[in-house]
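# Inside the fold
This is what each chain is made of:
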Number of protein chains: 2
Amino acid sequence: MNRELFKTAGSVTAFAPATVANVAVGFDILGFSVDGVGDEVTVSVLETPGKVEVIEISGVVTDLPKQSSKNTAAVALHAMIDDLGLPHGFSIRIKKGIAMGSGMGGSAASAVGAVVAAGALLTRLDPPFRRKPLLEAKLLEYALQGEKAASGAIHGDNVGPCLKGGLTLILPSMAMVSIPTPRDVFALLVHPDLEIETRQARGILKKEVPLSQWVEQSSWLGGFLAGCFKSDLELIRASMKDVVIEPQRAQLIPGFSELKAEALKLGALGFSISGSGPSVFAWVPGKELAENISRRLIEIFRRRNISAHAWVTPLSSPGARVRSES
Amino acid sequence: MNRELFKTAGSVTAFAPATVANVAVGFDILGFSVDGVGDEVTVSVLETPGKVEVIEISGVVTDLPKQSSKNTAAVALHAMIDDLGLPHGFSIRIKKGIAMGSGMGGSAASAVGAVVAAGALLTRLDPPFRRKPLLEAKLLEYALQGEKAASGAIHGDNVGPCLKGGLTLILPSMAMVSIPTPRDVFALLVHPDLEIETRQARGILKKEVPLSQWVEQSSWLGGFLAGCFKSDLELIRASMKDVVIEPQRAQLIPGFSELKAEALKLGALGFSISGSGPSVFAWVPGKELAENISRRLIEIFRRRNISAHAWVTPLSSPGARVRSES
């Protein structure tokens, strides 16, 4: 085997967007991508078979584990190597745009960025190492392994929309179903400078849901999905509610009820916790209104001496993609 | 007030179809109408203010309560009289096509048939008693009062689709949302000659749903609704599952697991309990296949010495409507 061939492969950089999981109505099964903020992952071939090395972590987080058994990007590429029986390894450089413990799908983004970059890289290798583009389902499978390393369980509601873009429903089989979203509705994501560990946010949840609450939440989910398919903003507004998880987690976010009341008063269709928090999100009709609301929310955090960042993006934004090759 | 005017009003007969509630994925929030079987309700004006009299019950059930506080049709018309302040009463004749305790929405059908017939009758009265056609939301409100008299609680998943037709999602506000259904998929409804009381079927349910089961069932609901909107039969097939209620109620239906296995083996997209049972239903691609499956299911019941009837209808069937006026 002529290992010199790897030297010509260069590197591929992929961008993987932040994602809002749960989306009020779909705990653990629904998420959407938020363009404009995300992780950039650059992957090169390593000659050593089976070796995955994280050589650099930069950006808003630098203290992530580089150890390949704990880093989500590295675990994802190990899964790819094992599944495909690749005769080489990978090196990874990660530029984090997503803060740790922000509820914005940071660990999913690093894993997805890595598999998208590595998948593209494989198509550029010289024969006999060259590969056809990998199926989306395969990329998902590898990225989920990475996500599992971070959160301790397999949940597709960040990885799915990060890979596929837009609003994505995840079935237990991990099949991804794209849900259309109404035009001219914008997503607003606000990240207060606090950290909540997913494991902790999961730990406080009751292990059971009362039957009546389950029925109510199911109807909100149904109404929300129907509203998305029908592009019926008033149906979305009526349905975008979380009566199960949000009441249990709101206490983790200072000022949550004030933030929510303000967003809804100003015209947001819905407002809730992004993933396990502390970031919060809203769906808002119109970009200008979304920007106004985001300013108000940042102000509310500031009054509590918490600095915050906000992003406003169209709802239908693309998933992870190759940004550059060299 | 010239009460002679009521004499010329004659009577109006409405047909209200059977309905399948729950539809596997949507306990208490989803139902669809099954044309070809239902109740016929004939309503005339009674001169006595506020009086509602059930003067005849015929058809497959004759031992229903005629007492107007217990009869769903009468309670519904009392609600109409009270809300509109009508200066007269109604007499009701009911021809039941839906067996009691069959899980086919019989009490809802009588209530809906009554309000649809009475609503039409009001438009035929001479001035000053004549009324404009009532809003669907008003008819729903009155019919729900009737349903409440029968089941002890307000659930819209029979009344909603019975009134509106087709597959209907009910929000907690009792707003009805029509869900499109794929063409060429047929509903198959099999009624074994057994009786299950709704209250009993409700009584055996656990009061809590485990968190993981809730998440799984939410994704089936989401997948099912997305499959309906996308007309994606394979997505419907993958998602038409009930992991919460069906396992608790299947024991009430002799041979349930054999019936289900047979229906799915023969090609049904999904199979579950209709409402609180003992009727069962399936969604089947193609009329011929639906008829084949229905014969097999009837046979399975017969081998257990249970006689059964089956109906096969297109999924998108109309709701209650006026059948004749005289």
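Keep in mind it's a predicted model, so treat the numbers as computed, not measured.

This next bit is on the domain arrangement of chain A. All names here are of chain A. What the domain assignment lists for chain A is domain 1 (3-178 + 317-325) and domain 2 (180-314). Between domain 1 and domain 2, the C-alpha centre-to-centre distance is 26 Å. Every contact between the two is made by 26 residues of domain 1 and, on the other side, 32 residues of domain 2. Put simply, the parts of the chain that give the side of domain 1 that touches domain 2 at least two residues each are strand 1 (11-21) and strand 2 (30-46).

Here the focus is the sheet that holds strand 10 (residues 280-285) of chain B. Residues and elements named next belong to chain B. As summarised here, the arrangement of the 4 strands in space is 9-10-7-11, forming an open sheet in which the pairing is antiparallel. This sheet does not close on itself; its edge strands, each paired only once, are strand 9 (270-273) and strand 11 (308-314). For this sheet the average axis-to-axis angle between neighbouring strands, irrespective of direction, equals 20°. With 6 bridges joining them, strand 7 (residues 185-192) and strand 10 adopt antiparallel strand pairing. Counterpart to Leu 188 in the pairing with strand 10 is Ala 282.

Taken as rigid bodies, chain A and chain B are interconverted by a rotation of 180° and an axial shift of 0.0 Å, the fit giving an RMSD of 0.0 Å. Interpreted geometrically, this transformation is the action of a two-fold axis. Minimal C-alpha distance to the rotation axis in chain A is attained by Val 209 of chain A, lying at 2.5 Å. A symmetric contact is evident, with 97% of the interface residues of chain A recurring at the interface of chain B.

Let's shift gears to unusual backbone geometry. Across the junction of Gly 277 of chain A and Pro 278 of chain A, the peptide omega takes the value 5°, indicating a cis bond. Structurally, the position occupied by Pro 278 of chain A is in the loop between strand 9 (270-273) and strand 10 (280-285). Unlike most non-glycine residues, Asp 184 of chain A shows phi in positive territory, near 65°. Tracing the backbone through its elements, the reader meets Asp 184 of chain A in the loop between strand 6 (176-179) and strand 7 (185-192). Not every positive phi belongs to a glycine, and Ser 231 of chain B is a case in point at roughly 55°.

Each partner contributes residues to the interface: chain A has 32 residues there, and chain B has 31 residues. Counting residues per element, the ones that place at least two in the side of chain A that touches chain B are strand 5 (167-170), strand 6, strand 8 (208-210), helix 6 (211-230) and helix 7 (233-239) of chain A. Top contributing element to the side of chain A that touches chain B by residue count: helix 6 of chain A, with 12 residues. When grouped by side-chain class, the residues that make up the side of chain A that touches chain B number 21 nonpolar, 7 polar and 4 charged. Where strand 8 of chain A lies against strand 8 (residues 208-210) of chain B, 3 bridges are found, and the strand directions are antiparallel. Residue pairing across strands places Pro 210 of chain A opposite Glu 208 of chain B, the latter belonging to strand 8 of chain B.

Taken residue by residue, a regular strand's side chains alternate between the two faces of the sheet. Residue and element names in this part refer to chain B. Looking at chain direction, strand 3 (residues 52-59) and strand 4 (residues 89-96) are connected through 7 bridges and run parallel. Opposite Val 54, over in strand 4, you have Ile 92 as the bridge partner. Since strand 3 and strand 4 lie parallel, the crossover through helix 1 (residues 72-84) that links them has a hand, and here it is left-handed.

The next point concerns the environment of Val 185 of chain B. All names here are of chain B. With respect to the helices and strands, Val 185 occurs in strand 7. With 20 C-beta atoms counted inside 10 Å, the residue Val 185 sits in the buried group. For the pair Val 185 and Gly 160, spaced 25 residues apart in sequence, the C-alpha to C-alpha distance is 21 Å. Not counting chain neighbours up to four residues away, the residues in contact with Val 185 comprise Leu 233, Leu 269, Trp 283, Val 284, Pro 285 and Leu 315.

What follows is about the sheet that holds strand 7 of chain A. All names here are of chain A. The antiparallel open sheet is built from 4 strands, whose spatial order is 9-10-7-11. Every other strand in the sheet has two partners, leaving strand 9 and strand 11 (308-314) as the edge strands with one partner each. Ignoring which end each strand starts from, the neighbouring axes of this sheet average 20° apart. The pairing of strand 7 with strand 11 spans 7 bridges and is antiparallel. Bridging from a neighbouring strand, Val 190 pairs with Ala 310 of strand 11.

Per-residue confidence for chain A averages 93 on the pLDDT scale, and 98% of its residues sit at or above 70. Two numbers describe this predicted complex: its pTM, 0.94, and its ipTM, 0.93.

Now for the environment of Ala 250 of chain A. Residues and elements named next belong to chain A. Looking at the element boundaries, Ala 250 is found in the loop between helix 8 (246-249) and helix 9 (256-265). Each C-alpha atom of the pair Ala 250 and Pro 128 lies 54 Å from the other, and the pair is 122 residues apart in sequence. Each residue touching Ala 250, except ones within four places of it in the same chain, is listed here: Phe 256 and Ser 257.

The end-to-end C-alpha separation of helix 3 (residues 136-151) of chain A is 22 Å, in line with the 22 Å expected for 16 residues at 1.5 Å each. Leu 139, Leu 140, Tyr 142, Ala 143, Leu 144, Gln 145, Gly 146, Glu 147, Ala 149 and Ala 150 of chain A are the residues of helix 3 of chain A that are buried.

With that settled, consider the packing of helix 3 of chain A against helix 4 (residues 156-164) of chain A. Residue and element names in this part refer to chain A. Where helix 3 contacts helix 4, the axes come no closer than 10 Å and their chain directions differ by 140°. As the angle between them shows, helix 3 and helix 4 are arranged oblique. When you trace helix 3 past helix 4, the crossing you get is right-handed. Side by side, helix 3 and helix 4 meet where Glu 136, Leu 139, Leu 140, Ala 143, Leu 144 and Glu 147 of the first sit next to Gly 156, Asn 158, Val 159, Gly 160 and Leu 163 of the second. Split by residue class, the contact of helix 3 with helix 4 holds 6 nonpolar, 3 polar and 2 charged.

Cut-offs applied
Residues numbered from 1 in each chain as written. Chains lettered and ligands numbered in written order. Predicted model: local features only at pLDDT ≥ 70, side-chain atom pairs only at ≥ 80, totals over all residues. Domains from an automatic or database assignment. Contact = placed C-beta atoms within 7 Å. Helix = DSSP H or I, 4+ residues; strand = E, 2+ residues; numbered from the N terminus. Pairing = 2+ DSSP bridges. Axes fitted to C-alpha atoms, helices over the stretch in contact; angles between N-to-C directions. Least-squares fit on C-alpha atoms with pLDDT ≥ 70 in both. Nonpolar A, V, L, I, M, F, W, Y, C, P; charged D, E, K, R; others polar. Right-handed = clockwise from strand over helix to strand, strands pointing away. Buried ≥ 20, exposed ≤ 12 C-beta atoms within 10 Å, placed from the backbone. pLDDT = per-residue confidence, 0-100. Expected span 1.5 Å × (residues − 1). Parallel < 35°, antiparallel > 145°, perpendicular 65-115°, else oblique. Left-handed = near helix turned anticlockwise from the far one by under 90°.

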